[in-house]
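Close look at the chain arrangement
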Amino acid sequence: MTTLPKLDYNYNELEPHIDANTMEIHHSKHHQAYITKFDAAVDGTPLANQSLSTILSDKSSIPSEIKNAVINNGGGHINHSLFWTVIGPNAGGSPTGKLADEINSSFGSFDSFKSTFETTAATQFGSGWAWLCVNSSGSLVVTSTANQDNPISDGLLPILGLDVWEHAYYLNYQNRRPDYISAFWNIVAWNIVSDYFEKAKQNDTSYLV
Ligand code: MN
């Protein structure tokens, strides 16, 4: 049985950027629903004992009869589990150290990276995610995925993700996805993202579920 990860902060601590009601429904209802459906799909199969980073890194290994359920609901679990940890109260600002250097090297500047990420998040059509990932060469790339797909299926290790499903922002922002995306920068926990960057460069996926 998969456990819903506890948050390191209270539902109301991300206000005004993400409201408490959205956080509570998103975590306790949406994320829990992905977990419940994932567990039902893999119950009694070898996948029940594998990490999602392993399962989703080779989608062809997923039995066809549970493939969609695993990709959608297992994806929902790995994606949200990452998301909750890269946001938090008393966060925002800019990255430092090696991550800052690599962002400058890959995108020209932090502002340029932010602009690329915002455009990617805003133009993801329908439900999906925007990501900052480490590729197989150890470089940073911004990408998006539809639905609950995870970049690990494309050979990329995500170190920062933004949920742009309407359930992530609609109660507070309604149709104003760009405002939600702008507010995201105030709650990014760059110290955590830096830690994930170091791990991802070593191809260490232990920070993912
Ligand atoms: Mn979500």
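Anything mentioned here points back to the structure above.
The structure displayed is predicted, hence computed values, not measured ones.

Around a metal, the idealised angle for a tetrahedral arrangement of four donor atoms is 109.5 degrees; for an octahedral arrangement of six donor atoms it is 90 or 180 degrees. The manganese ion binds to the protein through H26 (NE2), H80 (NE2), D163 (OD) and H167 (NE2), with metal-donor distances spanning 1.9 to 2.1 Å. Sequence spacing among the residues donating to the manganese ion works out to H-x53-H-x82-D-x3-H. The class of D163 is buried, set by a relative accessible area of 0%. Among the residues examined, H167 registers a relative accessible area of 17% and is labelled buried.

On to the layout of surface pockets. The computed volume of the largest pocket comes to approximately 240 Å³. If you go around the largest pocket, you meet 17 residues; those closest to its centre are K6, D8, S81, W84 and T85. Per element, the largest residue contribution to the lining of the largest pocket is five residues, and it comes from helix 3 (residues 67-86). Looking at the lining of the largest pocket residue by residue, the class counts come to 12 nonpolar, three polar and two charged. Taken as a whole, the second largest pocket encloses approximately 190 Å³ of empty space. With three residues, helix 1 (residues 20-42) is the largest single contributor of residues to the lining of the second largest pocket.

Procedures and definitions
- Every chain begins its residue count from 1, and numbering advances along the sequence as written.
- In keeping with the predicted nature of the model, local features appear solely for residues at pLDDT of at least 70, side-chain atom pairs appear and are counted solely at 80 or more, and the whole-chain, interface and lining totals rest on all residues.
- Only heavy atoms go into the side-chain values, all of them from the structure, while hydrogens and water stay out.
- Here a donor is an N, O or S atom found within 2.8 Å of the metal, or within 3.2 Å if the metal is Na, K or Ca; sites may look incomplete because water is not among the atoms.
- Relative accessibility decides the category of a residue: with a 1.4 Å probe and only protein chains considered, values under 20% of the type maximum give buried, values over 50% give exposed, and everything between is partly exposed.
- Using a 1 Å grid laid over the protein atoms alone, points where a 1.4 Å probe fits but cannot get out form a cavity; open sets with protein on both sides within 12 Å along at least 5 of 7 lines form a pocket; any residue with an atom within 4 Å of a point counts as lining.
- Grid points are joined across faces, edges and corners, and a volume is the space filled by probe spheres set on the points.
- A run of DSSP states H or I qualifies as a helix once it reaches four residues; a run of E qualifies as a strand once it reaches two. Both are numbered from the N-terminal end.
- Gly counts as polar in this scheme, as do all residues outside two lists: the nonpolar Ala, Val, Leu, Ile, Met, Phe, Trp, Tyr, Cys and Pro, and the charged Asp, Glu, Lys and Arg.

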